[in-house]
Amino acid sequence: MRAPDPTPPVEATSSRDSGLAADGTAELTIVVPCFNEAANIGPLVAALDQALAGLSWEVIFVDDDSPDRSWELAKRLAAADARVRCVRRIGRRGLSSAVIEGVLASASPFIAVMDGDLQHDEARLPAMLAAVRGGADIALASRFAAGGDASGLSAAWRHRLSAGGIELASRLLPVRLTDPMSGFFLLRRELFDQVAPRLAGRGFKILLDVILSAPRRLRVVELPATFRARMSGQSKLDVLVLVQFVAMLADKATGGLLPMRFIAFAAVGALGILIDLAVVAVGRRVGLAFDTAQVVATLVAMVANFWLNNAITYRDSRLSGPQLWRGLALFMLVCGVGAAANVGIAQSLYRSHSGWTPASAAGAAIGVVWNYAVSATLVWRSR
Ligand code: GDD
Ligand code: MN
């Protein structure tokens, strides 16, 4: 019998050149969430290569199926360079959840989290690593520590938003930080693995989430860093991200008693009631019969609620294209059951002038829970 040919291992570069340790492992994993960052991925890998010379490292891009096919580019780089990896997620959105998945895919002792748009200064990484090696639980690149620079924040409203968020977060945080909203930090994987099951995992503020979910008070070291201006692509942060941020704080403040999604769903529902009342009032003014105005108002409120839930409550599994219309139809069907009851209640209230009764309040509460439970499982079920 002939022994099989001893085929040499296929390697794009030798492990010594690649920056990985001789056994192919990395000391430091840099997790980079990305969405539509095609122009930035190549330059970022080159910048890491420069900044981390002498260290064994790898970078994991976690891409949410970017329309600009960032994931394709990252995988092409990965095919030629063992230090580059890419996770492509389908049907999901979210910076925090992308980071969590990237970290969980790593086996390195140290993890850094950093943006994929070149706004974070990769040259700070060695100092951050040294700080954690030296005993810090988390090393955090701060734009607001003495010597830091936040000039990359594109607009005045971003500066105000940042200041407001820091103020709000500081009330909850067990440690005083100049930049709890930073998206650039380094920690031991062991620590992350420990808190991972408790993370809220939604929105933009993964660092806050980690600190608030930790079982003990963490030693956080802040290093001043410059937040550079974005060169290509666009920021994905918007007002709805802020809503999610507040919901995350509420979740943490209540010890996870109220899940964020339910808070958001109930808030949207409350807004829907206001919309409903407003449309009835307008309808009555332009001369519609009460019953007609009520039906029109219910329809308008349902469409508005669907849109808001899709944009906020279920932002991470947002529906679009044909799925959006299918979702709207299902949502109206599901909530129609609740709405029919509500219309009935409203009409009898209107006729009897008996006002808001405990029974109608209970009815509304049951309606919210019904709508939440059914729409979570049917309309926005995770694929
Ligand atoms: N996978 C994935 N999914 N990545 C995302 C998503 C998403 O839904 N949304 C954003 N990203 C990626 C972006 O591609 C980028 O690499 C990084 O997350 C940061 O997103 P930006 O849209 O550039 O955010 P920013 O610059 O406005 O905000 C950054 O700075 C803030 C401080 O002002 C982030 O680091 C924030 O966490 C930080 O608070
Ligand atoms: Mn950015």
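Coordinates for the structure precede this section.
Small disclaimer: the values here were computed from a predicted structure and weren't measured. (Residues numbered from 1 in each chain as written. Chains lettered and ligands numbered in written order. Predicted model: local features only at pLDDT ≥ 70, side-chain atom pairs only at ≥ 80, totals over all residues. Heavy atoms only, no water.)

## Things to note about helix α4 (residues 95–104)
- Along α4, seven of the ten residues are buried, which leaves the element largely enclosed by surrounding structure.
- Turning to α4, its buried residues number three or more, namely Ser96, Ser97, Ala98, Val99, Ile100, Gly102 and Val103.
- Of the surrounding secondary structure, the elements contacted by the buried residues of α4 are β1 (28–34), β2 (57–63), β4 (110–113), α7 (189–195) and α8 (206–213). (Buried < 20%, exposed > 50% of the residue type's maximum accessible area, 1.4 Å probe, protein only. Helix = DSSP H or I, 4+ residues; strand = E, 2+ residues; numbered from the N terminus. Contact = heavy atoms within 4.5 Å.)

## Let's talk about the coordination of the manganese ion (ligand 2)
- At 1.9 to 2.0 Å from the manganese ion (ligand 2) lie its protein donor atoms, namely Asp117 (OD) and Gln119 (OE1). For the residue pair Asp117 and Gln119, the accessibility class agrees, reading buried in each case. (Donors = N, O, S within 2.8 Å, 3.2 Å for Na, K, Ca; no water.)

## Observations regarding the pattern of salt bridges
- Under the criterion given, the structure shown has 17 salt bridges.
- In this structure, Arg133 engages Glu27 in a salt bridge whose closest nitrogen and oxygen atoms are separated by 2.4 Å. Linking Arg133 in helix α5 (residues 125–133) with Glu27 in the loop between α1 (15–18) and β1, this pair joins segments that are 106 residues apart in sequence.
- Overall, the relative accessible area of 43% leaves Arg133 in the partly exposed class.
- Residue class for Glu27 comes out partly exposed when judged on its relative accessible area of 25%. (Salt bridge = Lys/Arg side-chain N within 4 Å of Asp/Glu carboxyl O.)

## Concerning the side chain of Asp117
- With respect to the secondary-structure elements, Asp117 resides in the loop between β4 and α5.
- Given the relative accessible area of 4%, Asp117 is considered buried.
- A distance of 3.2 Å separates a polar side-chain atom of Asp117 from the backbone nitrogen of Gln119.
- A distance of 3.0 Å separates a polar atom in the side chain of Asp117 from a polar atom in the side chain of Arg230.
- When near neighbours in sequence (up to four residues on either side) are disregarded, Asp117 contacts Glu37, Asn40 and Arg230. (Polar contact = N/O pair within 3.5 Å; in protein donor to acceptor, adjacent residues only side chain to side chain.)

## Observations regarding the sheet that holds β2
- Taken together, seven strands build an open sheet; the order of strands is β3-β2-β1-β4-β6-β5-β7 and the sheet is mixed. This sheet does not close on itself; its edge strands, each paired only once, are β3 (84–88) and β7 (220–224). Taken over all neighbouring pairs, the strand axes of this sheet differ in orientation by 20° on average, direction set aside.
- Packing against the sheet, helix α2 (residues 38–51) makes contact with β1, β2 and β3, and its axis sits at approximately 160° to β2.
- Against the sheet, α8 engages β5 (138–142), β6 (185–188) and β7, with an angle of about 145° to β5. (Pairing = 2+ DSSP bridges. Axes fitted to C-alpha atoms, helices over the stretch in contact; angles between N-to-C directions.)

## Regarding the site of ligand 1
- Looking at ligand 1, there are 27 residues lining it, with Glu37, Met181, Lys205, Ser235 and Lys236 nearest.
- For ligand 1, an oxygen atom lies 2.5 Å from a polar atom in the backbone of Met181.
- In isolation ligand 1 offers 750 Å² of accessible surface; the protein chains occlude 98% of this area.
- Counting only elements with at least two residues in the shell around ligand 1, the list comes to β1 and α4. (Near = heavy atom within 4 Å. Areas by Shrake-Rupley, 256 points an atom, 1.4 Å probe, with all protein chains shown as cover.)

## With respect to unusual backbone geometry
- Located in the positive-phi region is Arg69, a residue other than glycine, with phi close to 60°.
- You can see Arg69 is positioned in the loop between β2 and α3 (70–80).
- Look at Arg69 and you get partly exposed, because its relative accessible area is 42%.
- Not every positive phi belongs to a glycine, and Leu118 is a case in point at roughly 70°.
- Tracing the sequence through the fold places Leu118 in the loop between β4 and α5.
- Taking relative accessible area as the criterion, Leu118 reaches 16% and is therefore assigned buried.

## So, the packing of α2 against α3
- Viewed as axis vectors pointing N to C, α2 and α3 meet at an angle of 25°, and their least axial separation amounts to 8 Å. Here α2 is positioned roughly parallel relative to α3, judged by the angle of their axes. Between α2 and α3 the crossing geometry is right-handed. Along its contact with α2, which presents Ala38, Ile41, Gly42 and Val45, the element α3 presents Ser70, Leu73, Ala74 and Leu77.
- Grouping the amino acids of the contact of α2 with α3 by side-chain chemistry returns six nonpolar, two polar and no charged. (Parallel < 35°, antiparallel > 145°, perpendicular 65-115°, else oblique. Left-handed = near helix turned anticlockwise from the far one by under 90°. Nonpolar A, V, L, I, M, F, W, Y, C, P; charged D, E, K, R; others polar.)

## As for the packing of aromatic side chains
- All told, the structure shown has six aromatic pairs when counted by the stated rule.
- For the ring pair Tyr314 and Trp380, a centre distance of 4.4 Å and an interplane angle of 5° mean the geometry is stacked. With a gap of 66 residues between them, Tyr314 in the loop between α11 (290–313) and α12 (322–352) and Trp380 in the segment after α13 (358–379) connect regions that are remote in the sequence. Side by side, Tyr314 and Trp380 carry an identical accessibility label, which is buried.
- Between the aromatic rings of Phe331 and Trp380, the centroid separation amounts to 5.7 Å while the plane-to-plane angle is 70°, which identifies the pairing as edge-to-face. Residue Phe331 is located in helix α12, and its partner Trp380 is located in the segment after α13; the two are separated by 49 residues in the primary sequence. Summarising the burial analysis for this pair, Phe331 and Trp380 share the class buried.
- Among the aromatic residues, those joined into a ring-pair cluster are Phe306, Tyr314, Phe331 and Trp380.
- Its guanidinium or amino end placed over the ring of Trp71, Arg88 lies 3.6 Å from that ring's centre, counting from NZ or CZ.
- Directly above the aromatic system of Phe35 lies the positively charged group of Arg93, at a separation of 3.7 Å from the ring centroid. (Phe/Tyr/Trp six-rings, centres within 6.5 Å; stacked < 30°, edge-to-face > 60°. Lys NZ or Arg CZ within 6 Å of the ring centre and 35° of its normal.)

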